[in-house]
Amino acid sequence: MNWALTGWVFIGLGIVLIIVLIWGIKVSPAFLRTLPFTKRLIESRAETVECGRYQQIFLGDNLLSQTYPGLGLSALGALPVFLDGETLVDGNSRVSSPSGEILVFAQQILQSRYQDGFSEPLAEDLVRIGPYGPTPISFIAGLLPALTRQPYGTLVLLGDYGPQASLAVKAVLDQGGRVFAAAGSITSQAALFLNVRDILLGEEVFRVSEVMLPDPQKTATILVEDILRVLLILLLVIGAGLTMVGVL
Amino acid sequence: MPFLICPDCGAENPLTAEICQVCGASLADVIPMDMDNSEADDGENDEFTLFSAEDKDLPELLNDLKQDHEPAGGGLPEIDLAGEGESSEVDDTPEWLDVIRKRAHEELDAAGEMTQRIVAAQESLTRQNEEERADYASWIEELRKETREEAVSGTEGQEEEPLEGPAPEKAKKDWLSRVRKASGKLETHDEPNAASRNLLDWLVALEEEQTGGMPSGEAGVTQPVDLRQRAHADESTREVRVGDGAQQAVAPKRLDLSREEREQADLLATTIADESTARPVQPITFGRRRWWVEFILAFFLIGGICFVLFSGRLFLLPEPPVTSGGQAVLNSVADLPEDAELLLVFDYQPAFAGELEWVAAPVLEALPDSVKVSVISTSASGPLLADSMLERLEIIPAIDLGYLPAEAFGAYGLAAGLASTQAAEFLPKGASELFEGEFHGILILSDNAERARVWVEQLSVLTPETPLNLLVTAQAGPMLRPYVDSGQVTGMMAGISDAAGLETSRTQGPNASQRWQAYQVGLLTLIGVLILGVLLNLRGGATQGDDI
Amino acid sequence: MKKVFGILTVLLVGLTVLSGYFFQAQLSPVLALIFQTGLVLFSAAGLIGIGYLLVLHIRRVIRGEKRIIQSVVLLIAFLIALIAGFVLTPQSTLYRDLILNVQIPVEASLLAVLAVTLLYASLRLIRVRGWTPMSIAFLGSAVFSLVLNSGLIQVSETSLGGRILAFLERLPLVGARGILIGMALGGLVMGLRYLLSLDRPYGGE
Amino acid sequence: MTISDYIWSLVGFLLTIMVLSYLVGDNFFFRLAVHLFIGLTAGYVAVLLVRQILLPQLVIPLVNGSSPQRFWLVLPLALVLLLLVGQIPKFSAAAIIPLAYLAGLAAAIVIGGAVFGTLLPQSRSILDAFDPGRWYALPEQTWLRILDAVVMLFGTVGVLSYFHFGRKIKRESQNDAGKRPLILEGLGKVGQVFIGVTLGAVFAGIFSTALIALIDRLVFIGEMLTRIFGGL
C-alpha cells in the first residue's frame, strides 16, 4: 500500500471538499452539534465585563507543535472571535503566550481589529499583550502573580500547553472566576479534566472559533473534518479486514 | 407552517433548527411563529404584553405544564401580571394556566422571576410622587408637539377595530379564542409605512392609548401598559417606568401598531421594567478558596513524605521492581562495542532535572569508559543541563552538537521528510551534522512524550539498526510505551518506578530507599484522595451529562 | 492590496514547501532558503516577544506602578543574564551555575506546588465532572496506574497475570491514538484554512 | 563542598522556600523569586537565540560570506526588518509580509506534519496489529494479540466517533441538538471510556512527576537545613 499517496489523497480531498462546501454547496451551522461550552463561555465573558473583572486569553506555548500540528494556528484563528467590541473597549483583557511568534501574530490581529474602528488614543493599552515569561514554565510563573494582581473573571486557555496550566486554573478558580479550556495536548487534558468544568478535549479545540461565531466558511471546514473522519473510520475498518486476509 | 424567528437577525428558521441558519444565534428559547395563522400568531405573540418571548424560561415552563394539563389552546396565553382586573374570561381559563399564574406570582424561578420583577416595578411606580408625574406629563407633552409636526401622516385614520367589538360569529369556545377576539386590535394588518415610523412616534401613540385608559373589561386580559419617562438632569439616560395607566384621564386614542412594532414594544417594555427593577447584585465572590481542605491535603502529603524521608525508618512497603524496560536499557548500554559512539539527546526542562538525573544515573554510570559521547540539546536550557549532569557523572563529551531548536527544526524535518539523508542537506549546520554522524546507540532524555515521539519516529527511520533508548519522566511514559512494544525503541525507563530497582551508587543506600518509600506514600495519598472524592460525591456531583 | 500581498505570500511559501515532498531533490536549494529564512524569522519573533516582556516591566517602573520592585528585579536579572551570556559565553561554568541554580529550584518548586494542586483537584473530580462514563474510566485508570507505579503489584511478565497486566497497561494507548489521529485531522483542516487564506492572522482582514 | 557550591546551594534553598510559599498564597517572596527567574531565563533565551541562530544563520554569513551567500540572505534580512518595523503600531502593515511568510510556512508544516507525521503512522500501526504474522509469532500470546488488535481498532473508531461534530439529523427532543447520528453516538460512548482511560493514566504520570519534584525539593531543603545547622 502506498501510504504517501494515501496522504496526498487526503490532502487533496480536504482542499476539494473545502472549496465545494464554501463556494458550492452552502452549509448551515444547524448541521453541527451544539456545545454547552459556548453558551457558558459567552455568559462568563459578559459577566466578566459587567462586573469590571479581567479576562485572560492564553494562546498556548508554541505556534508549531510536532505532535499536535495546528493547535497554535487554531488559537490564532480563534483570537479575533474573542476581540469583540465589548472586549476591545473594556480595557480589562489580556492576550498572552510565552511564544514570541504567537505574540507577534496576536499583536498584528489586535492592531487590525483596532484599526477597524478605533481612533489611536482610544486603542492605546486597551487589550494588552501579556508576555509573562519566555518559556512555558517561566510564563506560568509570571502569570500567577498577574492573575492575583487583578480580579479575574474569565480565563480562556487555547493552543498547545502543558499540565502546568493547572496552576493558573486554580488561581482563577480561587478568585471565583471561571475557566474555559480548549485542551489540545493529552497532558493538559489529563491535568485540567479534574478541575475545569468547561473543557474541550482533543479535536473539539478546533471548533472554538466556529462555535463562538458561526459562519458558513467555518461550518464548511468543520463539516470537511467530519467527512474526512468518517472516511478514515471506514478506511481503518476495511484496512483491518484486508490486512487480516493478507491483501495489505 | 410554524417557524422560528431568529432573535438576532430576524431570519426565519424551521422548527427543528437549533441555531439560526443565517447568523448562527441560538434558537433554543425562541417561541415558534405561524404566519399562516395570523390570528393564532397574534394571539400568541403579538399581544401587547410585558411578558414577551424574551423570557427564556417561559416556553419550557409551558411545555412542562402542557404535558401535565391538557391545553385548551395551542398558543401562549396572556398572563395578568398585575393581578388586577379579573375578567370573565379568566374564569374560563384552563387549569394549567391557573397554575402558571400561581407559579408566576409565587416562584422566583422560571417565569416567576421575570413576573415578579415586573410586578415589583409596577408597585414601585405606584409610589411615585406627583411631582414626577407632572414632570413626565410636561415632557410627554413636548414630545407630542414635536412628533405631531414630524409624524408620518395617515396613522390617525387607520384606527383599529374597537376593543369591545362584538364577539365573532365563528364559534371559538375556548378561552383563548375569546381573548383573541377581545383584543381585536391584534387582528389589524400591518400598514405599509409602519416600518418607517420611528420609535418616538409609536411611543407617543402608545402613551396616548395608555393614557386613554383601557376598557375595564379588558384589563385582565391585555396587560395595561403605561410608559412613563422621566428625564434626569444628572443622567444621560432616561428612566422609563411601567405603571398604572388608569389614573391618567386623557382622551382615549386608538393605537395602530404593526407586528414588528409590537414586538419592539414588548421588548422595550420588558427591558425597561427589568432595568428599573431593584435586583440583588451578584456579589463578586473572592476568596472562595477552601483553605482548610487544601491545608489538610497538603499537610497529609508533605507531612507523610517528610516523615518517611526524615524519620530514618523504613516501612513495610514493596521494594522497587526491576522492570524489563529498565533492564533492556542497561543491557543495551553495556553491550556497546569498544570506542562506540553514543548520542545523548537532552530534551527536558530544568523542572524535571531531579527526576531525569535519577532515571539517567544508573544508565550513564554503566557506560563503558571507552564510549565516545556526543551531546545535542533540543530544549533551551538543554546545553546547561547536559553540562551539569555529565560533569556530575564525570563523563566528558567528545562532541557537543549544541542547541537545536526542537520545535522549529523538528517540524521542518517532518514537513520535508527529514527521515532521509537527502533532506539533511538543506538543514542548517547543527542539524545536518547530527544526521551525518554514525552512532552505535542513541539515548534520549526527555520530559515530553510528544517531542520524544518525534525523535523516535525520525531516528528509527534514519538509522533503523541503531539501538534507541528512552529515559523519560513518568508523565511521558504511558504515551511512549507502544514504541517499545513495536520494537522501534530498544528500551525505556519512565520515572523512578523503572529506575529505582536498578542498583547504582545513586539509588543504593537508605536515602534511596526512603525516597522510594516517600514516592509510594505520595501515590497512596493520591489514591486515598481520589477515593475520598468519590465517597463525598456518591449521591451528588453529577453536574452535567455525557458530553463536555 | 495589503491583503493580496499577504495571500500571495502564504500561497507561494506554503505551496513551495508542500511541493518539496514531491520534488525534494529539485527544490532542495529553495527549501533550504525558505527554512533558513523561517528559522531566522522565528528567532527574531522570539526576541520581539522578550522585547514585549521588557517593555511591560520598563513601563511599570517608569509609571511607578504597584509591585515595582519585582519589575526592577526582573530587569536587572535580564541584564545580568544577557551581559554574562555574551561576556562569559553559555559554556562557562559560572554562567551555567548562575542560570541553573535559579532555574532548577524555581521550576522544580513550581512542579512541587503543582503536585499539591493536583491532589486538591483530585478531590473534586466527581464534583466537577459528575458520574459519566468518561469520569469513571478516568478514575479507574488513574487508580490502577498509581497502584502500578507504586510497585504494589509485582507479577512475572511471563505469567498470565503479567500478560493481562501488560494488556491493561496498553489500553491508554487506544484513546491516545484516537485523540492523536483526531488532532491530526483537525490540524490538516486548520492548515488548509490558512493555506487557502480563510484565516489571515497576519492582518489585512 | 566549595564555598561557591555552598553559596549556590543557599541561593537554591532560598528560592525553593520562596516559591513553595505560594502554597499559602501569592506573596511578595514568591513574586520576587519568579521575577528573578523570569528575568534570568529571558536573558538566557535571548543569548541563545542570538548566539545559536541569528549570528550563525544571518549576521556572520552577511559579514564574512561570499557574494552569492550575501545575496540570498537579503530575503531573511528584509523580512526581519519588516517584522521589527511592523511592531510600531503606525507601521503595523509592514509586518504583513513576514507574518504571511510565517503563516504559509506554518500551514505547510502543519499539513505535512498532520498527515505524514501523525495520521498515517498512527493509522498504519493500527492496521499492523491485524497482521496475522504478528498474531502467530508467539503462539502463547495469539489470543491476547488478537484481542489487542480488536480493542485498538474498536477503541480508536470509538474515540474518533466521539469527536464527530455533526448532529443527529432527525431531532426528537431538545437534547438531540447535542447528539451525534445514531451509530456514531453509540460508538462515541465507547470512545468516551477509552478517552477517560487514557487521561487517567496520563494524569497518574503527571502526578508522579510532580511528586518526584516535591520529594526532590523536600530532600534538598532537609539537606540544606542539616548543613546550615550542622555547621553551627
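Just so it is clear, the structure is predicted and the values come from calculations on it, not from any experiment.

1. Some points on the interface of chain D and chain C
And then number 1: Across the contact, 104 residues belong to chain D and 102 residues belong to chain C.
And then number 2: Between chain D and chain C lies a buried interface of about 9500 Å² when both sides are counted; carbon and sulfur atoms form 81% of it.
And then number 3: The tally of links from chain D across to chain C stands at two salt bridges.
And then number 4: Two residues, D:Asp26 and C:Arg67, come together in a salt bridge whose shortest N-O distance is 3.9 Å.
And then number 5: Run the count over chain D and chain C and you get 14 residue pairs in polar contact (both at pLDDT 80 or more).
And then number 6: A per-class count over the side of chain D that touches chain C returns 74 nonpolar, 24 polar and six charged.

2. Observations concerning the pattern of salt bridges
Pairing between side chains of opposite charge can happen when the charged atoms of each approach one another.
And then number 1: Applying the stated criterion across every chain yields a total of 21 salt bridges over all chains.
And then number 2: Between B:Glu357 and B:Arg392 there is a salt bridge; the shortest N-O distance is 2.3 Å. With a gap of 35 residues between them, B:Glu357 in helix α12 (residues 353-365) and B:Arg392 in helix α13 (residues 382-392) connect regions that are remote in the sequence.
And then number 3: When its relative accessible area of 13% is taken as the criterion, B:Glu357 is described as buried.
And then number 4: It is possible to trace a salt-bridge network through shared partners that takes in A:Glu203, A:Glu225, A:Asp226 and A:Arg229.

3. Some details on the nonpolar core
Nonpolar side chains tend to gather and get buried jointly when the protein is soluble and globular.
And then number 1: Counting residues in each nonpolar core, the largest one holds 327 residues, and the members touching the most others are A:Leu59, A:Leu157, A:Leu158, B:Leu344 and D:Phe207.
And then number 2: By residue number, the principal contributor to this core is helix α7 (residues 182-230) of chain D, which donates 22 residues.
And then number 3: When residues are assigned to domains, this core turns out to be shared by domain 1 (1-32 + 216-248) and domain 2 (35-213) of chain A, each giving three or more.
And then number 4: The residues touching D:Phe207, leaving out its near neighbours within four places in the chain, are B:Leu301, B:Gly522, B:Leu523, B:Leu526, C:Ala115, C:Leu118, C:Leu119 and C:Leu146.

4. As for the pairing of strand β4 (residues 152-157) of chain A
Residue and element names in this part refer to chain A.
And then number 1: Burial analysis of β4 places six of its six residues in the buried class, the great majority of the element.
And then number 2: Across five bridges, strand β1 (residues 54-58) lies against β4 in parallel orientation. In the strand pairing of β4, Phe58 is matched with Leu157.
And then number 3: Pairing between β4 and strand β5 (residues 178-183): four bridges, direction parallel. For Leu155, the partnering residue across the bridge sits in β5 and is Val179.

5. Comments concerning the side chain of D:Gln87
And then number 1: Within the fold, D:Gln87 resides in the loop between α3 (67-85) and α4 (96-128).
And then number 2: Among the polar contacts listed, one links the side chain of D:Gln87 to the backbone oxygen of D:Leu83, at a separation of 3.0 Å.
And then number 3: Those residues in contact with D:Gln87 that lie beyond four places of it in its chain are A:Val104, A:Gln107, C:Ile48 and C:Tyr52.

6. Comments concerning the sheet that holds strand β3 (residues 127-130) of chain A
All names here are of chain A.
And then number 1: Pairing within the open sheet is parallel, and its six strands lie in the order β3-β2-β1-β4-β5-β6. Two strands in the sheet have a free side with no partner beyond their single neighbour: β3 and β6 (198-201). The sheet shows a mean angle of 15° between the axes of neighbouring strands, direction not considered.
And then number 2: Relative to β6, β5 runs parallel, the two sharing four bridges. Within β6, the residue paired with Ala181 across the bridge is Ile199.

7. A few points about the interface of chain D and chain B
And then number 1: At the junction of the two partners, chain D supplies 43 residues and chain B supplies 46 residues.
And then number 2: Summed over both sides, the interface of chain D with chain B buries roughly 3700 Å², with 64% coming from carbon and sulfur.
And then number 3: Linking chain D with chain B are one salt bridge.
And then number 4: Among the ionic pairs, B:Arg515 bridges to D:Asp216, the shortest N-O distance being 3.7 Å.
And then number 5: Where the side of chain D that touches chain B is concerned, the elements lending two or more residues are α2 (28-64), α4 and α7 of chain D.
And then number 6: With 20 residues, α7(D) is the single largest residue contributor to the side of chain D that touches chain B.
And then number 7: Residues of the side of chain D that touches chain B, tallied by class, amount to 22 nonpolar, 15 polar and six charged.

8. With respect to the confidence of the model for chain B
All names here are of chain B.
And then number 1: Per-chain confidence: chain B averages 63 in pLDDT, with 44% of residues scoring 70 or above.
And then number 2: This model gives residues 212-250 a pLDDT under 50, and the stretch forms 96 contacts once residues within four places in sequence are excluded.
And then number 3: Confidence drops under pLDDT 50 across residues 414-428; counting only partners more than four residues distant or on other chains, this segment forms 39 contacts.
And then number 4: Interface confidence for the predicted complex, given as ipTM, is 0.90, next to a pTM of 0.76.

9. Quick look at the sheet that holds strand β9 (residues 441-446) of chain B
For sheets, the rule is that strands pair by backbone hydrogen bonds, running either parallel or antiparallel.
All names here are of chain B.
And then number 1: Spatially, six strands are ordered β8-β7-β6-β9-β10-β11 in an open sheet, and the strand pairing comes out parallel. The sheet is open, and its two borders are formed by β8 (399-403) and β11 (491-494), each paired with just one other strand. Averaged over all pairs of adjacent strands, the angle between strand axes in this sheet comes to 15°, irrespective of strand direction.
And then number 2: Summarising the sheet, strand β10 (residues 468-472) and β11 pair through four bridges and their orientation is parallel. Note that in β11 the partner of Asn469 across the bridge is Gly491.
And then number 3: Seen against the sheet, helix α11 (residues 324-334) touches β9, β10 and β11 and runs at an angle of roughly 125° to β11.

10. Section: the domain arrangement of chain A
Residues and elements named next belong to chain A.
And then number 1: Looking at the assigned domains, one finds that chain A contains domain 1 (1-32 + 216-248) and domain 2 (35-213).
And then number 2: On the side of domain 2, seven residues touch domain 1, which itself brings six residues to the contact.
And then number 3: On the domain 1 side of the interface with domain 2, the three residues burying the most area are Lys218, Ile222 and Glu225, jointly 71% of the side's total.
And then number 4: If you look at where domain 1 meets domain 2, you find one salt bridge.
And then number 5: A salt bridge links Glu203 to Arg229, with the nearest nitrogen and oxygen atoms 2.3 Å apart.
And then number 6: The tally of links from domain 1 across to domain 2 stands at three residue pairs in polar contact (both at pLDDT 80 or more).
And then number 7: A class-by-class count of the residues in the side of domain 1 that touches domain 2 yields two nonpolar, one polar and three charged.

11. Quick look at the packing of helix α8 (residues 165-174) of chain A against helix α4 (residues 93-123) of chain C
And then number 1: Taken N-terminus to C-terminus, the directions of α8(A) and α4(C) make an angle of 60°; their axes are 9 Å apart at the nearest point. Relative to α4(C), the element α8(A) lies oblique. At the point where α8(A) passes α4(C), the crossing takes the left-handed sense. Together, A:Ser166, A:Leu167 and A:Lys170 of α8(A) and C:Leu110, C:Val113, C:Leu114, C:Thr117, C:Leu118 and C:Tyr120 of α4(C) make up the contact between the two elements.
And then number 2: Of the residues belonging to the contact of α8(A) with α4(C), the class tally is six nonpolar, two polar and one charged.

Quick notes on the rules
- Residues numbered from 1 in each chain as written.
- Chains lettered and ligands numbered in written order.
- Predicted model: local features only at pLDDT ≥ 70, side-chain atom pairs only at ≥ 80, totals over all residues.
- Heavy atoms only, no water.
- Contact = heavy atoms within 4.5 Å.
- Buried area = accessible area lost by both parts, 1.4 Å probe.
- Salt bridge = Lys/Arg side-chain N within 4 Å of Asp/Glu carboxyl O.
- Polar contact = N/O pair within 3.5 Å; in protein donor to acceptor, adjacent residues only side chain to side chain.
- Nonpolar A, V, L, I, M, F, W, Y, C, P; charged D, E, K, R; others polar.
- Helix = DSSP H or I, 4+ residues; strand = E, 2+ residues; numbered from the N terminus.
- Buried < 20%, exposed > 50% of the residue type's maximum accessible area, 1.4 Å probe, protein only.
- Core = buried A, V, L, I, M, F, W, Y, C linked by side-chain atoms within 4.5 Å.
- Domains from an automatic or database assignment.
- Pairing = 2+ DSSP bridges.
- Axes fitted to C-alpha atoms, helices over the stretch in contact; angles between N-to-C directions.
- pLDDT = per-residue confidence, 0-100.
- Parallel < 35°, antiparallel > 145°, perpendicular 65-115°, else oblique.
- Left-handed = near helix turned anticlockwise from the far one by under 90°.

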